[in-house]
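Here are the chains, one letter per residue:
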Amino acid sequence: MHMTRVSIAGASGYAGGEALRLLVSHPELEIGTLAAHSSRGPIGGVHPHLRSIADRQLVAIEAQSLADSDVVILGLPHGASAAISAEILAINPDIRIIDLGADHRLENEADWAAYYGGEMAEPWAYAMPELIRKGTTQRELLADAKLIASPGCNASSVTFAAQPAVSAGIAGGEGIVAVLAVGYSGAGKAPKPHLIASEALGSLAPYGVGGTHRHIPEIMQNLRHAGGTLDKLSFTPVLAPVSRGILATVSIPVASGTTQSDVQDAYRSAYDGEPFVQFMDSVPSTAMTTGANTALVHAVLDRDEERLTAICALDNLVKGTAGAAIQSLNLSLGIPEETGLTTIGVAP
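Calculation rules
- Residues numbered from 1 in each chain as written.
- Predicted model: local features only at pLDDT ≥ 70, side-chain atom pairs only at ≥ 80, totals over all residues.
- Heavy atoms only, no water.
- UniProt positions renumbered as here; feature names shortened; annotations may be inferred.
- Helix = DSSP H or I, 4+ residues; strand = E, 2+ residues; numbered from the N terminus.
- Axes fitted to C-alpha atoms, helices over the stretch in contact; angles between N-to-C directions.
- Parallel < 35°, antiparallel > 145°, perpendicular 65-115°, else oblique.
- Left-handed = near helix turned anticlockwise from the far one by under 90°.
- Contact = heavy atoms within 4.5 Å.
- Nonpolar A, V, L, I, M, F, W, Y, C, P; charged D, E, K, R; others polar.
- Pairing = 2+ DSSP bridges.
- Buried < 20%, exposed > 50% of the residue type's maximum accessible area, 1.4 Å probe, protein only.
- Domains from an automatic or database assignment.
- Buried area = accessible area lost by both parts, 1.4 Å probe.
- Salt bridge = Lys/Arg side-chain N within 4 Å of Asp/Glu carboxyl O.
- Polar contact = N/O pair within 3.5 Å; in protein donor to acceptor, adjacent residues only side chain to side chain.

## Topic: the UniProt feature "active site" (unreviewed entry) in the protein chain
Move 1: When the UniProt feature table is mapped to this numbering, "active site" (unreviewed entry) covers Cys153.
Move 2: Tracing the backbone shows Cys153 in helix 6 (residues 153–168).

## Notes on the packing of helix 6 against helix 9 (residues 260–271)
Move 1: Where helix 6 meets helix 9, the closest approach of the two axes is 9 Å, and the angle between their N-to-C directions is 110°. Judged by the inter-axis angle, helix 6 sits roughly perpendicular to helix 9. In the packing of helix 6 onto helix 9, the handedness of the crossing is right-handed. Counted together, Thr159, Phe160, Ala161, Ala162, Gln163, Pro164, Ala165 and Ala168 of helix 6 and Ala266, Tyr267, Ala270 and Tyr271 of helix 9 form the full contact between these two elements.
Move 2: A per-class count over the contact of helix 6 with helix 9 returns 10 nonpolar, two polar and no charged.

## Considerations on the sheet that holds strand 4 (residues 57–60)
Move 1: Spatially, eight strands are ordered 3-4-2-1-5-6-8-7 in an open sheet, and the strand pairing comes out mixed. Strands with a single pairing partner mark the edges of an open sheet, and in this sheet they are strand 3 (41–42) and strand 7 (125–126).
Move 2: With three bridges connecting them, strand 2 (residues 29–36) and strand 4 associate as parallel partners. By the bridge assignment for strand 4, Ala36 is matched with Ala60.

## What to know about the environment of Val297
Move 1: Position of Val297 among the secondary structure elements: in strand 14 (residues 295–301).
Move 2: Owing to a relative accessible area of 0%, Val297 belongs among the buried residues under this scheme.
Move 3: Put simply, Val297 and Cys312 are 15 residues apart on the chain and 4.5 Å apart in space, counted from C-alpha to C-alpha.
Move 4: Not counting chain neighbours up to four residues away, the residues in contact with Val297 comprise Phe160, Ala161, Tyr267, Tyr271, Val277, Gln278, Phe279, Met280, Ile311 and Cys312.

## As for the domain arrangement of the protein chain
Move 1: The domains assigned to the protein chain are domain 1 (4–150 + 320–333) and domain 2 (153–314).
Move 2: The C-alpha-based centres of domain 1 and domain 2 are spaced at 24 Å.
Move 3: The partner domain 2 presents 34 residues to the 28 residues of domain 1 that form the contact.
Move 4: Interface area for domain 1 against domain 2, summed over the two sides, is near 2600 Å², with a carbon-plus-sulfur share of 49%.
Move 5: Sorting the residues of domain 1 by area buried against domain 2 places Tyr14, Tyr115 and Ile132 first, and these three jointly supply 26% of that buried surface.
Move 6: Here domain 1 is connected to domain 2 by four salt bridges.
Move 7: With a shortest N-O distance of 3.9 Å, Arg224 and Asp111 are connected by a salt bridge.
Move 8: Linking domain 1 with domain 2 are 15 residue pairs in polar contact (both at pLDDT 80 or more), by the criterion used here.
Move 9: Contributing elements (two or more residues each) for the side of domain 1 that touches domain 2: helix 1 (14–24), helix 4 (109–115) and helix 10 (318–333).
Move 10: Broken down by element, the side of domain 1 that touches domain 2 gets its largest block of residues, five residues, from helix 10.

Pasting the structure below:
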């Protein structure tokens, strides 16, 4: 059987390391070059949990060595992916590239200018197979896609929580308020004072406050694809003292006359048959999804019947990032999208 060779740039980071963890057990993908900006030596030195490949060596990020594969996964800082992608494609135009960063997610130049600044890169196929779209489905767009942009983890959780209501027409998307508890791995691996244990343990810390978080335009872009009309979103993430996981609590204004049955029908219909995004009658917790490519969603009409509250729990490194990338790569390669991925968490 032909094995697809996958190389990783940024393999020493959290996102790249999680992609590597998933590749180890994937039956149809094999690991190629492992590259990083500054880390060198065996991968076990930075990811000691990856025991079976601990001796594989980290090398410098160079387009030539990365291009000698079938697929490259980029786990690089925002703004770094577009340039190396262009170099790789110049050497190997047939290669597939998956960007775990933000460089290729947004479709609107004004959104990019407002939240990132600088020159906007070309938008790529968005690695969220479950994204509800009017017309062509996201899975159809991902089929045979060679250039794929992995979604933001926070954006995924809010999208999964809100899109069924918007798509069903019981909500237009205006007035959405999202508050998220986010594990510290979502903030990256760079050693910063506010990320060290003495600052984080026993404390909750909001960030990206006041409409400044970069995932806001991505969420609105997704919900507009689902049929929403929103141009504003209240979004506040809060760092919680856990390593992994996102619990998104999303309050959504609903149309007059909406019933609990309407809410249940909208969410069940949206995720019926989905292998990785599942509706639950009870409220989910992040522990249910740790290590799994699963997003668990619950929704209930508020007592005043003016809003619904939707909850989404997922592992920010798996379904929020690397798992979504592997799932979408499977689709683009024409193999079953569940291949190499699990819905089994590791709670408690």
